[in-house]
Amino acid sequence: MRIKELALSIMAAMALLSCSCGGSDGPTRDLRAGLLENMGKLRSQGIMFGAQIPTEYGLSGGARWESLDGTDKSDTKVLTGSHPAVCGWDISEIELDHPKNIDGESFDVIRKHIQAAYARGAVNTISWHCANPVTMGNSWDNTPAVKPILPGGAKHELFLTWLDRVADFLGSMTTPEGERIPLVFRPWHEHTGNGFWWGKGSSTAGEYKALWKFTVEYLRDVKGLDNLIWAYSPDAIHFIWSPREQYRDIYLEFWPGDEYVDIIGLDAYDADGRRFSEEVPYICSMISDIAAEKGKIAAVTECGLENNNPEHSSYYNREWWTDVLYPAIKDKDLSFVMLWRNGGLPPQSHYFNAYKGCYSEDNFLKFASREDILLEKDLPALYQ
């Protein structure tokens with residue numbers, strides 16, 4: 001454990017030296033460095049609980065609710081009296097200059113929610129399900145497209161236009177004083193499989209690394225975004241069936257370099273209860289060790305059991321929140337765990353977080369009441 005203690009002591013220095021700290025020496029840089037350092041320190045108290053799109057809409061009471069300003073309600077707050085400590089958002093189709101993302105969430109509304117979450121002291125994290133620049137299909141169109149958007153490629157100029165739109169939106173997240181709000185940015189995620197056009201099935205490790213580096217350098221150095229904390233997040237489902245001795249190599253195969261990443265992330269959905277329970281705790285320990293070695297912090301950047309599936313949970317005679325998720329993240333030196341969105345009720349069920357009236361409500365309350373599970377109400381001043 002000594003290496004983890006050593007890593008804590010160098011977090012401040014790494015925050016100032018890491019990839020996305022370039023740019024001005026003004027207030028934004030201080031906010032970003034302060035957030036990253038304080039996220040590292042907070043791990044000694046527990047792990048922050050997060051949810052995707054927590055305040056814009058939800059399912060509490062068995063009916064979908066929506067809020068345009070989103071400052072007063074979330075499914076988590078209805079249950080616990082507090083919003084999640086980490087709030088997730090997605091900017092898919094911002095590159096196409098659309099007013100809403102693929103889930104119908106207005107970018108103007110998302111901006112309001114991000115600003116409100118920051119004002120409350122929560123952490124904001126952003127993913128980007130980018131359209132395929134070759135076919136103009138969605139991100140799940142895994143037609144190879146990385147090489148054409150790199151410098152010299154046929155789609156490079158188009159990609160620059162897309163990055164400009166991303167930069168305009170991320171740069172518009174400001175405080176009332178005009179400072180840019182720090183954001184955990186998680187592009188090109190779940191690349192260990194073939195689900196997306198930037199993934200292993202559609203690009204080489206060299207191409208992916210070049211894409212990651214170019215994205216960082218363009219947004220940071222050309223567009224001047226000094227408020228981004230960069231999260232690297234392979235998908236556990238693509239390697240939990242491999243021998244454990246291969247996990248680290250699989251995780252780091254597409255690693256772009258220590259200077260280009262701030263958070264060692266993991267996306268880990270429960271698609272098979274037994275395998276999840278057996279392997280994800282081991283993988284969480286592994287990414288925590290990697291983070292300690294590199295002077296970073298680790299997090300479970302996406303996870304969940306879709307629809308809190310009662311058949312899935314009861315088949316193994318376990319309650320998912322306390323008997324599956326909690327053991328996977330407990331004492332792993334993680335910064336946060338983020339559940340995906342509560343999108344819809346039956347017959348188009350698609351939800352991952354607990355809500356008032358759901359199957360796992362009581363078990364979630366037991367999970368959330370633990371001292372080492374941190375909600376927004378439990379947070380210190382993270383932006384100092």
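Here, every reference points to the structure presented above.
So, here's what we can say about the structure. (Residues numbered from 1 in each chain as written. Predicted model: local features only at pLDDT ≥ 70, side-chain atom pairs only at ≥ 80, totals over all residues. Heavy atoms only, no water.)

Considering the environment of Leu160
- As for its placement among the helices and strands, Leu160 is situated in helix H7 (residues 156-171).
- Residues in contact with Leu160, not counting those within four places in the same chain, are Phe214 and Tyr218. (Helix = DSSP H or I, 4+ residues; strand = E, 2+ residues; numbered from the N terminus. Contact = heavy atoms within 4.5 Å.)

Observations concerning the pairing of strand S5 (residues 123-127)
- Counting buried residues in S5 gives five out of five residues, a clear majority hidden from the surface.
- Of the two faces of S5, the one carrying Val123, Thr125 and Ser127 and the one carrying Asn124 and Ile126 are both buried.
- One ladder, built from five bridges, connects strand S4 (residues 86-90) with S5; its direction is parallel. Paired with Val86 across the bridge in S5 is Val123.
- In this fold, the crossover linking S4 to S5 by way of helix H5 (residues 107-120) has right-handed handedness. (Buried < 20%, exposed > 50% of the residue type's maximum accessible area, 1.4 Å probe, protein only. Pairing = 2+ DSSP bridges. Right-handed = clockwise from strand over helix to strand, strands pointing away.)

So, H5
- With 14 residues, H5 ought to run about 20 Å at 1.5 Å a step, and its terminal C-alpha atoms sit 20 Å apart, in line with that.
- For H5, the full list of buried residues reads Phe107, Val109, Ile110, His113, Ile114, Ala116, Ala117 and Tyr118.
- Where H5 begins, one side-chain oxygen reaches toward the backbone nitrogen of Asp108, 3.2 Å away; that side chain belongs to Ser106.
- Immediately downstream of H5, the backbone of Gly121 shows phi near 100°, a positive value. (Expected span 1.5 Å × (residues − 1). Polar contact = N/O pair within 3.5 Å; in protein donor to acceptor, adjacent residues only side chain to side chain.)

Structural notes on the packing of H7 against helix H8 (residues 205-222)
- Contact geometry for H7 and H8: axes closest at 11 Å, N-to-C directions at 50°. Classed by the angle they form, the pair H7 and H8 counts as oblique. Where H7 crosses over H8, the handedness of that crossing is right-handed. Across the interface between the two elements, His156, Phe159, Leu160, Leu163, Asp164, Val166 and Ala167 from H7 touch Leu211, Phe214, Thr215, Tyr218 and Leu219 from H8.
- Of the residues that constitute the contact of H7 with H8, the class distribution is nine nonpolar, two polar and one charged. (Axes fitted to C-alpha atoms, helices over the stretch in contact; angles between N-to-C directions. Parallel < 35°, antiparallel > 145°, perpendicular 65-115°, else oblique. Left-handed = near helix turned anticlockwise from the far one by under 90°. Nonpolar A, V, L, I, M, F, W, Y, C, P; charged D, E, K, R; others polar.)

As for the pairing of strand S1 (residues 47-52)
- Across the six residues that make up S1, a large majority, six, are buried.
- Burial along S1 is two-sided: the residues Ile47, Phe49 and Ala51 and Met48, Gly50 and Gln52 are all buried.
- As defined by bridge partners, S1 adjoins strand S13 (residues 373-374) across two bridges and the pair is classed as parallel. Among the inter-strand pairings, Met48 is bridged to a residue of S13, identified as Leu374.
- Both S1 and strand S10 (residues 334-339) contribute to a ladder of four bridges, which runs parallel. Bridge assignment links Met48 to a residue of S10, and that residue is Phe336.
- Relative to S4, S1 is paired through three bridges, and the arrangement is parallel. Of the residues in S4, the one forming a bridge with Gln52 is Gly88.

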